[in-house]
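# Results of the structural survey
Spelled out from the first residue to the last, the chains are:
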Amino acid sequence: MRIAVLNTGTATVKSALVEVRPRDVHVESRHTLSFEGESERGHVIRSALERLEPDTNGVDAIGHRVVHGGSRYMAPTLIDRELEGVIEKVAPLAPLLNTSALEGIRIAREMYPRRPMVAVFDTSFHAGRPLESLTYALPRELTDSYGIYRYGFHGIAHESLARALAELERQPLKSVTALTLQLGGGCSACAIEDGRSIETTTGFTPLEGFMCTTRSGSLDPAVVLHLVRQGLPPRRIERLLTEKAGLLGCGGTADVRELLRREQGGDERARLALRVFVRRIATTAGGYLTLLGGRGSIVIGGGIGSRSPEMRARIAQSLAAWDVRLDPQLNAGSECGRISEPGSRPVYFFRTEEERVIAQSAARALAPQPAAG
(Lines give C-alpha, C1' and ligand atoms only; values in the text may rest on other atoms or scores of the structure.)
Protein backbone atom coordinates (compact mmCIF):
# COMPACT_ATOMS: atom_id res chain seq x y z
CA MET A 1 0.00 0.00 0.00
CA ARG A 2 1.40 3.40 -1.00
CA ILE A 3 0.59 6.10 1.55
CA ALA A 4 1.07 9.83 0.99
CA VAL A 5 1.94 11.31 4.37
CA LEU A 6 1.32 14.93 5.34
CA ASN A 7 2.84 16.31 8.53
CA THR A 8 1.98 19.99 8.90
CA GLY A 9 3.70 22.00 11.59
CA THR A 10 3.87 25.59 12.73
CA ALA A 11 6.61 26.61 10.27
CA THR A 12 7.21 23.57 8.07
CA VAL A 13 5.28 21.04 6.03
CA LYS A 14 6.75 17.55 5.71
CA SER A 15 5.47 15.14 3.09
CA ALA A 16 6.50 11.62 2.18
CA LEU A 17 5.46 8.82 -0.12
CA VAL A 18 5.74 5.57 1.81
CA GLU A 19 5.19 2.02 0.64
CA VAL A 20 3.98 -0.15 3.51
CA ARG A 21 4.78 -3.79 2.80
CA PRO A 22 3.91 -6.87 4.89
CA ARG A 23 7.44 -7.13 6.30
CA ASP A 24 8.94 -3.67 5.94
CA VAL A 25 8.37 0.00 5.15
CA HIS A 26 10.05 1.84 2.28
CA VAL A 27 10.14 5.65 2.05
CA GLU A 28 10.13 6.42 -1.67
CA SER A 29 10.46 10.19 -1.35
CA ARG A 30 10.26 12.89 1.28
CA HIS A 31 10.19 16.69 1.31
CA THR A 32 10.34 19.44 3.92
CA LEU A 33 9.14 22.91 2.94
CA SER A 34 9.13 26.00 5.14
CA PHE A 35 6.64 28.83 5.27
CA GLU A 36 6.35 32.15 7.06
CA GLY A 37 2.92 33.13 8.23
CA GLU A 38 -0.49 31.51 7.78
CA SER A 39 -1.01 33.16 4.40
CA GLU A 40 1.75 30.98 2.86
CA ARG A 41 0.73 27.72 4.50
CA GLY A 42 -1.91 26.54 2.03
CA HIS A 43 0.36 27.08 -0.96
CA VAL A 44 3.21 25.22 0.73
CA ILE A 45 0.96 22.28 1.69
CA ARG A 46 -0.17 21.97 -1.92
CA SER A 47 3.44 22.12 -3.16
CA ALA A 48 4.53 19.48 -0.66
CA LEU A 49 1.87 17.07 -1.91
CA GLU A 50 2.50 17.82 -5.59
CA ARG A 51 6.16 16.86 -5.22
CA LEU A 52 5.31 13.35 -4.04
CA GLU A 53 3.58 11.75 -7.01
CA PRO A 54 2.55 13.37 -10.33
CA ASP A 55 0.02 10.59 -10.91
CA THR A 56 -2.41 10.69 -7.97
CA ASN A 57 -3.68 7.24 -9.01
CA GLY A 58 -0.41 5.88 -7.67
CA VAL A 59 -1.43 6.79 -4.13
CA ASP A 60 -3.73 4.44 -2.20
CA ALA A 61 -4.42 6.66 0.82
CA ILE A 62 -3.28 9.76 2.71
CA GLY A 63 -2.11 9.75 6.30
CA HIS A 64 -2.25 12.98 8.31
CA ARG A 65 -0.53 13.81 11.56
CA VAL A 66 -3.10 15.41 13.85
CA VAL A 67 -1.93 16.66 17.23
CA HIS A 68 -5.16 16.61 19.24
CA GLY A 69 -8.37 14.64 18.81
CA GLY A 70 -9.70 15.28 22.31
CA SER A 71 -10.79 12.46 24.60
CA ARG A 72 -12.88 10.79 21.89
CA TYR A 73 -10.31 10.23 19.15
CA MET A 74 -6.90 8.76 19.90
CA ALA A 75 -6.53 5.67 17.73
CA PRO A 76 -5.80 6.18 13.99
CA THR A 77 -9.19 6.96 12.44
CA LEU A 78 -10.65 7.27 8.95
CA ILE A 79 -11.35 10.96 8.36
CA ASP A 80 -14.95 12.06 7.80
CA ARG A 81 -16.81 15.32 8.35
CA GLU A 82 -17.59 14.40 11.95
CA LEU A 83 -13.94 13.85 12.79
CA GLU A 84 -13.02 17.13 11.08
CA GLY A 85 -15.53 18.87 13.33
CA VAL A 86 -13.93 17.40 16.44
CA ILE A 87 -10.42 18.39 15.31
CA GLU A 88 -11.71 21.93 14.79
CA LYS A 89 -13.54 21.95 18.13
CA VAL A 90 -10.43 21.03 20.12
CA ALA A 91 -8.15 23.31 18.07
CA PRO A 92 -7.93 25.84 20.97
CA LEU A 93 -5.97 23.17 22.88
CA ALA A 94 -3.36 23.01 20.08
CA PRO A 95 -4.20 26.13 18.08
CA LEU A 96 -1.23 26.26 15.74
CA LEU A 97 -0.98 22.57 14.91
CA ASN A 98 -4.62 21.46 14.72
CA THR A 99 -5.40 24.40 12.44
CA SER A 100 -2.51 23.43 10.16
CA ALA A 101 -3.69 19.81 10.09
CA LEU A 102 -7.22 20.84 9.13
CA GLU A 103 -5.94 22.92 6.25
CA GLY A 104 -3.85 19.97 5.10
CA ILE A 105 -6.84 17.62 5.25
CA ARG A 106 -8.98 19.94 3.14
CA ILE A 107 -6.29 20.50 0.50
CA ALA A 108 -5.56 16.77 0.31
CA ARG A 109 -9.25 16.07 -0.21
CA GLU A 110 -9.25 18.41 -3.22
CA MET A 111 -6.15 16.81 -4.69
CA TYR A 112 -7.09 13.19 -3.91
CA PRO A 113 -10.91 13.27 -3.98
CA ARG A 114 -11.38 9.49 -4.18
CA ARG A 115 -8.67 8.40 -1.77
CA PRO A 116 -9.32 7.50 1.89
CA MET A 117 -7.60 9.64 4.50
CA VAL A 118 -6.56 8.63 8.01
CA ALA A 119 -5.84 10.86 10.99
CA VAL A 120 -2.95 9.61 13.13
CA PHE A 121 -2.99 11.37 16.48
CA ASP A 122 0.00 12.50 18.52
CA THR A 123 -1.89 11.29 21.60
CA SER A 124 -2.28 7.66 20.41
CA PHE A 125 1.02 6.28 21.73
CA HIS A 126 0.31 7.70 25.20
CA ALA A 127 -3.33 6.63 25.47
CA GLY A 128 -2.66 3.45 27.47
CA ARG A 129 -0.79 5.10 30.33
CA PRO A 130 -1.89 4.32 33.91
CA LEU A 131 -4.56 6.52 35.49
CA GLU A 132 -2.06 8.12 37.86
CA SER A 133 -0.25 9.47 34.81
CA LEU A 134 -3.42 10.66 33.06
CA THR A 135 -4.98 12.42 36.05
CA TYR A 136 -4.67 15.98 37.32
CA ALA A 137 -5.31 16.80 40.99
CA LEU A 138 -8.58 18.58 40.17
CA PRO A 139 -12.20 17.95 41.21
CA ARG A 140 -13.52 14.89 39.39
CA GLU A 141 -16.60 16.70 38.08
CA LEU A 142 -14.33 19.29 36.48
CA THR A 143 -12.06 16.81 34.72
CA ASP A 144 -14.99 14.72 33.47
CA SER A 145 -17.13 17.66 32.33
CA TYR A 146 -14.35 19.39 30.39
CA GLY A 147 -12.14 16.46 29.43
CA ILE A 148 -9.17 17.77 31.38
CA TYR A 149 -6.64 14.96 31.33
CA ARG A 150 -2.93 14.56 30.65
CA TYR A 151 -3.27 13.35 27.07
CA GLY A 152 0.42 13.51 26.15
CA PHE A 153 1.80 14.60 22.77
CA HIS A 154 4.69 13.95 20.36
CA GLY A 155 3.61 10.31 20.58
CA ILE A 156 4.39 9.66 16.91
CA ALA A 157 7.93 10.94 17.45
CA HIS A 158 8.48 8.88 20.61
CA GLU A 159 7.14 5.75 18.91
CA SER A 160 9.51 6.43 16.01
CA LEU A 161 12.51 6.60 18.36
CA ALA A 162 11.45 3.42 20.14
CA ARG A 163 11.03 1.61 16.80
CA ALA A 164 14.43 2.84 15.61
CA LEU A 165 16.05 1.35 18.72
CA ALA A 166 14.14 -1.92 18.26
CA GLU A 167 15.26 -2.19 14.63
CA LEU A 168 18.89 -1.42 15.47
CA GLU A 169 18.96 -4.00 18.25
CA ARG A 170 16.97 -6.48 16.14
CA GLN A 171 14.29 -6.93 18.74
CA PRO A 172 10.51 -6.42 18.78
CA LEU A 173 9.08 -3.10 19.95
CA LYS A 174 7.60 -4.78 23.04
CA SER A 175 11.15 -5.50 24.23
CA VAL A 176 12.10 -1.80 24.36
CA THR A 177 12.50 -0.13 27.75
CA ALA A 178 13.90 3.36 27.33
CA LEU A 179 13.75 7.04 28.12
CA THR A 180 13.15 8.87 24.84
CA LEU A 181 13.94 12.57 24.48
CA GLN A 182 12.31 14.32 21.52
CA LEU A 183 14.17 17.62 21.32
CA GLY A 184 13.13 19.80 18.41
CA GLY A 185 10.89 22.81 18.01
CA GLY A 186 8.72 21.02 20.55
CA CYS A 187 10.48 19.09 23.30
CA SER A 188 9.27 16.25 25.51
CA ALA A 189 10.30 13.08 27.28
CA CYS A 190 8.66 9.67 27.42
CA ALA A 191 9.26 6.70 29.71
CA ILE A 192 8.72 3.55 27.66
CA GLU A 193 8.40 0.16 29.33
CA ASP A 194 8.02 -2.99 27.25
CA GLY A 195 7.31 -0.87 24.17
CA ARG A 196 4.52 1.17 25.79
CA SER A 197 4.43 4.74 27.05
CA ILE A 198 3.98 4.84 30.83
CA GLU A 199 4.77 8.52 31.41
CA THR A 200 5.35 11.68 29.38
CA THR A 201 5.97 15.35 30.05
CA THR A 202 3.21 16.89 27.93
CA GLY A 203 -0.32 16.98 29.31
CA PHE A 204 -3.65 18.61 28.52
CA THR A 205 -1.87 20.52 25.75
CA PRO A 206 1.65 20.44 24.29
CA LEU A 207 2.47 23.45 26.50
CA GLU A 208 3.08 21.37 29.61
CA GLY A 209 6.50 19.89 30.20
CA PHE A 210 9.89 20.94 28.88
CA MET A 211 10.98 24.39 27.86
CA CYS A 212 10.82 24.40 24.04
CA THR A 213 12.12 26.74 21.34
CA THR A 214 9.18 29.16 21.70
CA ARG A 215 6.95 27.49 24.34
CA SER A 216 7.39 28.10 28.05
CA GLY A 217 6.83 24.55 29.22
CA SER A 218 5.47 23.94 32.72
CA LEU A 219 5.10 26.90 35.03
CA ASP A 220 3.17 27.79 38.15
CA PRO A 221 -0.52 28.25 37.14
CA ALA A 222 -0.57 31.32 39.37
CA VAL A 223 1.66 33.05 36.80
CA VAL A 224 -1.25 33.00 34.34
CA LEU A 225 -3.68 34.20 37.00
CA HIS A 226 -1.28 37.02 37.90
CA LEU A 227 -1.04 38.12 34.25
CA VAL A 228 -4.84 38.09 33.95
CA ARG A 229 -5.10 40.28 37.06
CA GLN A 230 -2.57 42.65 35.48
CA GLY A 231 -5.00 43.14 32.60
CA LEU A 232 -3.45 40.94 29.90
CA PRO A 233 -6.16 39.31 27.76
CA PRO A 234 -6.13 35.48 27.51
CA ARG A 235 -5.29 35.51 23.80
CA ARG A 236 -2.18 37.61 24.43
CA ILE A 237 -1.09 35.36 27.30
CA GLU A 238 -1.55 32.32 25.08
CA ARG A 239 0.66 33.86 22.39
CA LEU A 240 3.29 34.81 24.97
CA LEU A 241 3.47 31.27 26.34
CA THR A 242 3.37 29.44 22.99
CA GLU A 243 5.17 31.78 20.57
CA LYS A 244 7.34 34.18 22.59
CA ALA A 245 8.67 32.11 25.50
CA GLY A 246 11.04 29.15 25.77
CA LEU A 247 14.55 29.54 24.40
CA LEU A 248 13.41 32.56 22.41
CA GLY A 249 12.06 34.39 25.44
CA CYS A 250 14.81 33.36 27.82
CA GLY A 251 17.79 33.54 25.48
CA GLY A 252 16.76 35.96 22.73
CA THR A 253 16.67 33.39 19.91
CA ALA A 254 14.99 30.03 19.32
CA ASP A 255 18.02 28.69 17.42
CA VAL A 256 20.23 26.50 19.64
CA ARG A 257 23.19 26.91 17.28
CA GLU A 258 22.96 30.69 17.66
CA LEU A 259 22.63 30.40 21.44
CA LEU A 260 25.81 28.29 21.56
CA ARG A 261 27.65 30.91 19.45
CA ARG A 262 26.43 33.73 21.66
CA GLU A 263 27.39 31.82 24.80
CA GLN A 264 30.90 31.35 23.43
CA GLY A 265 31.05 35.10 22.93
CA GLY A 266 30.22 35.71 26.60
CA ASP A 267 26.46 36.30 26.29
CA GLU A 268 25.10 35.53 29.79
CA ARG A 269 21.49 35.51 28.58
CA ALA A 270 22.26 32.75 26.09
CA ARG A 271 24.21 30.82 28.72
CA LEU A 272 21.29 30.96 31.14
CA ALA A 273 18.78 29.78 28.52
CA LEU A 274 20.89 26.73 27.69
CA ARG A 275 21.42 25.90 31.36
CA VAL A 276 17.70 26.11 32.07
CA PHE A 277 17.01 23.89 29.05
CA VAL A 278 19.43 21.18 30.19
CA ARG A 279 18.40 21.39 33.85
CA ARG A 280 14.71 20.78 33.04
CA ILE A 281 15.70 17.70 31.05
CA ALA A 282 17.99 16.38 33.80
CA THR A 283 15.45 16.71 36.61
CA THR A 284 12.78 14.98 34.54
CA ALA A 285 15.04 12.25 33.13
CA GLY A 286 16.11 11.22 36.62
CA GLY A 287 12.49 10.80 37.68
CA TYR A 288 11.60 8.79 34.58
CA LEU A 289 14.56 6.45 35.03
CA THR A 290 13.32 5.88 38.57
CA LEU A 291 9.87 4.95 37.19
CA LEU A 292 11.63 2.44 34.94
CA GLY A 293 13.32 0.88 37.96
CA GLY A 294 16.70 2.24 36.90
CA ARG A 295 16.56 0.19 33.69
CA GLY A 296 16.55 1.32 30.11
CA SER A 297 18.49 3.05 27.40
CA ILE A 298 18.33 6.75 26.59
CA VAL A 299 17.29 7.62 23.05
CA ILE A 300 17.61 11.19 21.76
CA GLY A 301 15.92 12.57 18.64
CA GLY A 302 14.46 15.69 17.08
CA GLY A 303 16.23 18.56 15.34
CA ILE A 304 18.24 19.59 18.41
CA GLY A 305 18.80 16.06 19.63
CA SER A 306 20.06 14.67 16.32
CA ARG A 307 22.06 17.68 15.09
CA SER A 308 23.79 19.07 18.17
CA PRO A 309 26.58 16.92 19.66
CA GLU A 310 27.25 19.72 22.14
CA MET A 311 23.72 19.60 23.57
CA ARG A 312 23.81 15.80 23.72
CA ALA A 313 27.08 16.04 25.65
CA ARG A 314 25.64 18.54 28.13
CA ILE A 315 22.54 16.43 28.71
CA ALA A 316 24.72 13.35 29.24
CA GLN A 317 26.93 15.22 31.70
CA SER A 318 23.86 16.27 33.69
CA LEU A 319 22.88 12.57 33.97
CA ALA A 320 26.28 11.28 35.09
CA ALA A 321 24.72 9.97 38.32
CA TRP A 322 22.79 7.49 36.14
CA ASP A 323 26.02 6.11 34.64
CA VAL A 324 25.63 8.09 31.42
CA ARG A 325 28.98 8.50 29.65
CA LEU A 326 29.26 9.38 25.98
CA ASP A 327 32.03 8.33 23.65
CA PRO A 328 33.26 11.75 22.40
CA GLN A 329 34.18 10.43 18.96
CA LEU A 330 30.87 8.65 18.39
CA ASN A 331 28.91 11.61 19.70
CA ALA A 332 30.74 14.02 17.40
CA GLY A 333 29.90 11.96 14.32
CA SER A 334 26.80 12.18 12.17
CA GLU A 335 26.10 8.43 12.18
CA CYS A 336 22.91 7.50 14.05
CA GLY A 337 23.16 4.76 16.65
CA ARG A 338 24.88 4.18 19.96
CA ILE A 339 27.08 7.04 21.19
CA SER A 340 27.83 5.94 24.76
CA GLU A 341 30.98 4.36 26.16
CA PRO A 342 31.11 0.56 26.49
CA GLY A 343 29.95 -0.55 29.92
CA SER A 344 27.91 2.60 30.57
CA ARG A 345 24.16 3.11 30.19
CA PRO A 346 23.35 2.77 26.48
CA VAL A 347 22.64 6.14 24.82
CA TYR A 348 21.55 6.49 21.19
CA PHE A 349 20.52 9.22 18.84
CA PHE A 350 18.28 8.82 15.81
CA ARG A 351 16.61 11.08 13.31
CA THR A 352 12.92 11.05 14.12
CA GLU A 353 10.96 9.30 11.34
CA GLU A 354 7.39 10.36 12.03
CA GLU A 355 6.32 9.79 8.42
CA ARG A 356 7.10 6.06 8.60
CA VAL A 357 5.00 5.67 11.76
CA ILE A 358 2.12 7.67 10.27
CA ALA A 359 2.13 5.51 7.13
CA GLN A 360 2.22 2.27 9.13
CA SER A 361 -0.60 3.46 11.40
CA ALA A 362 -2.71 4.57 8.42
CA ALA A 363 -2.21 1.21 6.68
CA ARG A 364 -3.30 -0.67 9.80
CA ALA A 365 -6.41 1.50 10.12
CA LEU A 366 -7.35 0.74 6.50
CA ALA A 367 -6.63 -3.01 6.64
CA PRO A 368 -9.71 -5.29 6.59
CA GLN A 369 -10.60 -6.32 10.13
CA PRO A 370 -11.00 -10.05 10.81
CA ALA A 371 -14.55 -11.18 11.49
CA ALA A 372 -15.45 -11.93 15.07
CA GLY A 373 -15.19 -15.62 15.92
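Given the structure is predicted, the values throughout are model-derived calculations rather than measurements.

For the structure shown, the criterion picks out 29 salt bridges. The closest approach of N and O atoms between R356 and E167, which form a salt bridge, is 3.2 Å. Placement of the pair is R356 in helix 15 (residues 354–366) and E167 in helix 6 (residues 155–168), with a sequence separation of 189 residues. According to the relative accessible area criterion, E167 is exposed, its value standing at 51%.

On to the packing of aromatic side chains. All chains considered together, the criterion is met by four aromatic pairs. With a centroid separation of 6.0 Å and an interplanar angle of 10°, the aromatic rings of Y348 and F350 are classed as stacked. Pair check on accessibility: Y348 and F350 agree, each one buried. Taken together, Y149, Y151 and F204 form an aromatic cluster joined through their ring pairs. In this structure, R312 packs its charged tip against the face of F349, placed 3.9 Å from the ring centre.

A word on the layout of surface pockets. Reported here for the second largest pocket is a volume of approximately 990 Å³. Along its surface, the second largest pocket is lined by 27 residues, and F204, T205, L207, V224 and L241 are the ones closest to its centre. Every element with two or more residues in the lining of the second largest pocket is listed here: helix 3 (95–111), helix 7 (221–229) and helix 8 (234–243). Among the elements that line the lining of the second largest pocket, the one with the most residues is helix 8, at five residues. Grouping the constituent residues of the lining of the second largest pocket by class yields 19 nonpolar, four polar and four charged.

Vacant regions in the atomic arrangement are exposed by a probe of water-molecule size rolled over the atoms. Enumeration according to the criterion identifies one cavity of 30 Å³ or more in this entry. In this structure, the largest cavity occupies an estimated 30 Å³ of space. Lining the largest cavity are I298, I300, R312, I315, A316, L319, V324, L326 and V347. Residue assignment for the lining of the largest cavity shows that the elements contributing at least two residues are strand 10 (297–301) and helix 13 (309–318).

Once that is clear, we can look at the nonpolar core. Core analysis: the biggest nonpolar cluster contains 38 residues, and L179, L181, L183, F277, I298 and M311 have the highest contact counts within it. Listed by contribution, the elements that provide at least two residues to this core are strand 7 (178–183), strand 8 (187–193), helix 10 (256–264), helix 11 (268–291), strand 10, helix 13 and strand 12 (347–349). With eleven residues, the single largest contributor to this core is helix 11. If near-sequence neighbours (up to four positions away) are discounted, L181 is found in contact with L161, S188, A189, F210, I281, I298, V299, I300, G301 and I315.

The next subject is a nonpolar patch on the surface. Residues L138, L142 and Y146 make up a contiguous nonpolar surface patch of roughly 300 Å² in combined accessible area. Secondary-structure assignment places L142 in helix 5 (residues 140–146).

This brings us to the packing of helix 2 (residues 81–89) against helix 3. A pair of packed helices can be characterised by two numbers: the angle between their axes and the separation between those axes. Two numbers describe how helix 2 lies on helix 3: the axes approach to 9 Å, and their chain directions differ by 155°. Taken together, the axes of helix 2 and helix 3 lie roughly antiparallel to each other. The element helix 2 and its partner helix 3 pack so that their crossing is left-handed. Of helix 3, the residues touching helix 2 (which contributes R81, E84, I87 and E88) are N98, L102, I105, R106 and R109. Tallied by class, residues from the contact of helix 2 with helix 3 come to three nonpolar, one polar and five charged.

This next bit is on the side chain of R345. Within the secondary structure layout, R345 lies in the loop between strand 11 (337–338) and strand 12. Of the side chains with opposite charge, D323 comes closest to the buried, unpaired R345, at an N-O distance of 6.4 Å. Not counting chain neighbours up to four residues away, the residues in contact with R345 comprise L289, G294, R295, G296, I298, W322, D323, V324, R338 and S340.

Turning next to the sheet that holds strand 5 (residues 77–78). Pairing in this open sheet of six strands is mixed, and the strands run 3-2-1-4-6-5 from one edge to the other. Strands at the two margins of the open sheet, each flanked by one partner only, are strand 3 (25–34) and strand 5. Bridge count for strand 1 (residues 2–8) against strand 2 (residues 12–20) is seven bridges, and the pairing is antiparallel. When the sheet's bridge partners are listed, R2 is paired in strand 2 with E19. Packing against the sheet, helix 15 makes contact with strand 1, strand 2, strand 3, strand 4 (61–66), strand 5 and strand 6 (117–121), and its axis sits at approximately 125° to strand 1.

Analysis parameters
Residues numbered from 1 in each chain as written. Predicted model: local features only at pLDDT ≥ 70, side-chain atom pairs only at ≥ 80, totals over all residues. Heavy atoms only, no water. Salt bridge = Lys/Arg side-chain N within 4 Å of Asp/Glu carboxyl O. Helix = DSSP H or I, 4+ residues; strand = E, 2+ residues; numbered from the N terminus. Buried < 20%, exposed > 50% of the residue type's maximum accessible area, 1.4 Å probe, protein only. Phe/Tyr/Trp six-rings, centres within 6.5 Å; stacked < 30°, edge-to-face > 60°. Lys NZ or Arg CZ within 6 Å of the ring centre and 35° of its normal. 1 Å grid on protein atoms, 1.4 Å probe; cavity = no way out; pocket = protein on both sides within 12 Å on 5 of 7 lines; lining within 4 Å. Points joined across faces, edges and corners; volume = space filled by probe spheres on them. Nonpolar A, V, L, I, M, F, W, Y, C, P; charged D, E, K, R; others polar. Core = buried A, V, L, I, M, F, W, Y, C linked by side-chain atoms within 4.5 Å. Contact = heavy atoms within 4.5 Å. Patch = residues over 30% accessible without salt bridge, like charges linked within 9 Å, V, L, I, M, F, W, Y side chains within 5 Å. Areas by Shrake-Rupley, 256 points an atom, 1.4 Å probe, with all protein chains shown as cover. Axes fitted to C-alpha atoms, helices over the stretch in contact; angles between N-to-C directions. Parallel < 35°, antiparallel > 145°, perpendicular 65-115°, else oblique. Left-handed = near helix turned anticlockwise from the far one by under 90°. Lys, Arg positive; Asp, Glu negative; His and termini not counted. Pairing = 2+ DSSP bridges.

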